[in-house]
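# A closer look at the structure
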Amino acid sequence: MGADTFYETWGHHYTATDMDVYLKGSFNEEVILEQLEKEIFWVCLLESEPVGYAKLRKDKQERLPDTSKYIELQRIYVYQKYHGTGAAHLILQTVIDYVTKEGYDTLWLGVYEENKRAVNFYARYGFEVFGEWEFKAGDKVDIDLLVKKDLTKTSSQD
């Protein structure tokens, strides 16, 4: 599902070689099995059909030194045929509710700076830009905006 939704979303953006390098490095069986042991995943289903998913990464927390307890939403994807159905809102709100309940005060993620739909989506939930980083797929390097949501203010869409 991860490789499928990434390809569906970004297949037009990367060369076949760059996409292949990224998919093989990020979604191979060994990597997935390791992540299932230590990361948190949600899968959204509609009548037992996968709609989308989210993944929280519990390690690699060095991006936000100014806050006491934060966690990264590393992936959130919805199959294109379910765009506009509210599935992404349901998944994100589920994640926000979970991390708030677990005592995190900040949720952060990287979002491709030219993906205006996603940038606007996160802004509606109160995420604010605090930096940027390079996202590399094969030889292609894109700039991701780093955005964060202060969970001590509210746990739902503004």
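Data block above holds the structure.
Let me sum up the structure you'll find in this document. (Residues numbered from 1 in each chain as written. Predicted model: local features only at pLDDT ≥ 70, side-chain atom pairs only at ≥ 80, totals over all residues. Heavy atoms only, no water.)

## So, the nonpolar core
Stated precisely, the cut-off is as follows: By convention a nonpolar core is built from buried Ala, Val, Leu, Ile, Met, Phe, Trp, Tyr and Cys residues, the set being connected through side-chain atoms within 4.5 Å. The buried label goes to any residue with under 20% of its type's maximum accessible area, the exposed label to any with over 50%, and the partly exposed label to all in between, with areas taken from a 1.4 Å probe on protein chains only. Strands here mean DSSP runs of E at least two residues long; helices mean DSSP runs of H or I at least four residues long; both are numbered from the N terminus. Between two residues, a contact is recorded if the distance between any of their heavy atoms is within 4.5 Å.
With 30 residues, the main nonpolar core has Leu56, Leu73, Leu92, Leu107 and Tyr122 as its most contacted residues. Listing elements by their share of this core, those giving two or more residues are β1 (40-46), β2 (49-57), β3 (70-78), α4 (87-101), β4 (106-112), α5 (116-124) and β6 (140-150). Ranked by residues supplied to this core, first place goes to α4 with six residues. What Tyr122 contacts, discounting residues up to four positions off in sequence, is Ile76, Leu92, Leu109, Val111 and Phe127.

## A short note on the pairing of β3
Our working rule: Strands were regarded as paired on the criterion that DSSP finds at least two bridges between them. A clockwise course of the path from the first strand over the helix to the second, judged with the strands pointing away from the viewer, identifies a crossover as right-handed.
Within β3, eight of the nine residues are buried, which leaves the element mostly enclosed by the surrounding structure. Here six bridges tie β2 to β3, and the two strands are oriented antiparallel to one another. Residue pairing in the sheet places Ala54 in a bridge with Ile76 of β3. Sheet topology places β3 next to β4; three bridges connect them, and they run parallel. Note that in β4 the partner of Ile71 across the bridge is Leu107. A crossover links β3 with its parallel partner β4, the connecting element being α4, and its sense is right-handed.

## A short note on the sheet that holds β6
For the record, the criterion: What counts as an axis is a line fitted to C-alpha atoms, over the stretch in contact for a helix, and the angles between N-to-C directions run from 0 to 180 degrees.
Spatially, β1-β2-β3-β4-β6-β5 is the arrangement adopted by the six strands of the open sheet, whose pairing is mixed. Only two strands of the sheet have a single partner each, and these edge strands are β1 and β5 (128-137). Each adjacent strand pair in this sheet contributes to an overall mean axis angle of 25 degrees, direction not counted. Contacts from helix α2 (residues 16-26) reach β3, β5 and β6, with the element oriented near 105 degrees to β5.

## Considering the pairing of β2
Where burial is concerned, most of β2 is hidden: seven out of the nine residues are buried. Hairpin connection between β1 and β2: a loop of two residues separates the two successive antiparallel strands, and Glu47 in this loop has a positive phi of roughly 50 degrees.

## Things to note about the pattern of salt bridges
Heads up, the rule is: For salt bridges, the criterion is a side-chain nitrogen of Lys or Arg within 4 Å of an Asp or Glu carboxyl oxygen.
According to the stated counting rule, one finds five salt bridges in the structure shown. The partner of Asp20 in a salt bridge is Lys24, and the shortest N-O contact between them spans 3.2 Å. One end of the pair is Asp20 and the other is Lys24, both in helix α2 and four residues apart, which spans about a single turn. Accessibility expressed as a relative area gives 37% for Asp20, which makes it partly exposed. The exposure class of Lys24 is exposed, given its relative accessible area of 54%. In this structure, Glu72 and Arg57 form a salt bridge, with 2.8 Å as the shortest nitrogen-oxygen distance.

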